[in-house]
Amino acid sequence: GAPSAWTLTLGLGYTANSLVEPDDRLHFDCCTGYALAAEVGYRFDEHHAVGVHLGFGGSSGTYGVDATPTSAYPMSVRPVDIEAFAQATAYDRLWGAFLLGAHYDAVTSAATTTWLGGLGIGVEAGVDVVRSGMHRFGAFLRVDGTLMSASGYGAITIGAAYRR
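The shown structure was predicted, so the numbers you read here are calculated from the model rather than taken from an experiment. (Residues numbered from 1 in each chain as written. Predicted model: local features only at pLDDT ≥ 70, side-chain atom pairs only at ≥ 80, totals over all residues. Heavy atoms only, no water.)

I would appreciate a short explanation of the overall build of the protein in the present structure.
Regarding its fold elements, the protein presents 0 helices and 8 strands. Expressed along its principal axes, the backbone C-alpha trace of the protein runs to roughly 65 × 30 × 20 Å. In the protein, buried positions account for 40% of the 164 residues. (Helix = DSSP H or I, 4+ residues; strand = E, 2+ residues; numbered from the N terminus. Buried < 20%, exposed > 50% of the residue type's maximum accessible area, 1.4 Å probe, protein only.)

And the structure:
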């Protein structure tokens with residue numbers, strides 16, 4: 001049948017991300033973990049939709065300090081995205097989207113959490129492997145990062161997606 005006017009995408013993935021060290025004395029070995037995403041959009045024709053992307057994740061790694069070069073200390077980053085998206089679908093199975101909006105990072109090291117914000121930008125692509133009526137299950141790849149932020153956050157995520 002005809003697709004619904006509203007779209008829903010839910011994703012769960014494994015992410016590898018990086019941050020820019022805020023100080024020349026620090027060296028990050030950062031970070032891997034999970035990423036969750038939800039997208040709700042309006043489909044204005046059979047192949048195109050626009051909407052809101054909400055993302056959250058958690059990853060961990062280590063950092064070192066020049067004064068103690070053999071020591072590694074734990075650190076974590078929790079990225080949060082609130083972005084607009086534009087999505088296109090091809091061949092009733094392949095899809096891609098462009099993301100643009102607010103990106104925030106909660107960076108925790110040495111028991112201190114610092115929130116850093118910037119302009120989030122990203123692209124994602126996926127393939128629907130299994131389809132049952134309006135329900136689709138597949139895989140996705142997302143590359144995203146932040147501009148105008150001291151964190152210099154960048155990530156690549158691969159995972160599973162449900163789409164409707």
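Even after reading the chapter, I still don't get the nonpolar core, so can you show me in this structure?
Soluble globular proteins: nonpolar side chains tend toward being buried together. If you look at the biggest cluster of nonpolar residues, it comprises 9 residues: Leu-19, Phe-28, Cys-31, Tyr-63, Met-75, Val-77, Val-107, Tyr-153 and Ala-155. Of all the elements in the fold, those that place two or more residues in this core are strand 2 (26–43) and strand 4 (68–90). (Core = buried A, V, L, I, M, F, W, Y, C linked by side-chain atoms within 4.5 Å.)

Whenever I open this one, the state of the cysteines confuses me. Can you help?
Covalent bonding between the sulfur atoms of two cysteines is what defines a disulfide. With the rule as written, the count across this model stands at 1 disulfide. Sulfur-sulfur distance for the disulfide between Cys-30 and Cys-31 comes to 1.8 Å. Handedness of the Cys-30-Cys-31 disulfide follows from its S-S torsion of about -90 degrees: it is left-handed. By relative accessible area, which is 2% here, Cys-31 ends up buried. (Disulfide = S-S within 2.5 Å.)

I keep staring at the packing of aromatic side chains and nothing clicks. Help me out?
Geometry of an aromatic ring pair is reported as the spacing of the ring centres plus the angle between the planes. The tally for this structure, following the rule as stated, stands at 4 aromatic pairs. On the numbers, 6.3 Å between centres and 50 degrees between planes, the contact of Tyr-34 with Phe-56 is tilted. Linking Tyr-34 in strand 2 with Phe-56 in strand 3 (residues 48–65), this pair joins segments that are 22 residues apart in sequence. Taking relative accessible area as the criterion, Phe-56 reaches 35% and is therefore assigned partly exposed. On the numbers, 5.5 Å between centres and 40 degrees between planes, the contact of Tyr-63 with Tyr-73 is tilted. With Tyr-63 in strand 3 and Tyr-73 in strand 4, the pair connects residues that are 10 residues apart, well separated along the chain. For Tyr-63, a relative accessible area of 8% translates into the label buried. (Phe/Tyr/Trp six-rings, centres within 6.5 Å; stacked < 30°, edge-to-face > 60°.)

Would you explain the side chain of Asp-144 in this entry?
The residue Asp-144 is located in strand 7 (residues 135–147) in this model. Those residues in contact with Asp-144 that sit more than four places away from it in its chain are Asp-81, Ile-121, Gly-122, Tyr-153, Gly-154 and Ala-155. (Contact = heavy atoms within 4.5 Å.)

I keep staring at the side chain of Asp-105 and nothing clicks. Help me out?
Relative to the elements of secondary structure, Asp-105 occurs in strand 5 (residues 94–109). For the buried residue Asp-105, which engages in no salt bridge, the nearest side chain bearing the opposite charge is Arg-78, 9.7 Å off. Here the side chain of Asp-105 touches His-103 through a polar contact of 2.7 Å, side chain to side chain. Not counting residues within four places of it along the chain, the set of residues in contact with Asp-105 comprises Val-77, Arg-78, Pro-79, Thr-114, Trp-115, Leu-116, Ser-151 and Tyr-153. (Lys, Arg positive; Asp, Glu negative; His and termini not counted. Salt bridge = Lys/Arg side-chain N within 4 Å of Asp/Glu carboxyl O. Polar contact = N/O pair within 3.5 Å; in protein donor to acceptor, adjacent residues only side chain to side chain.)

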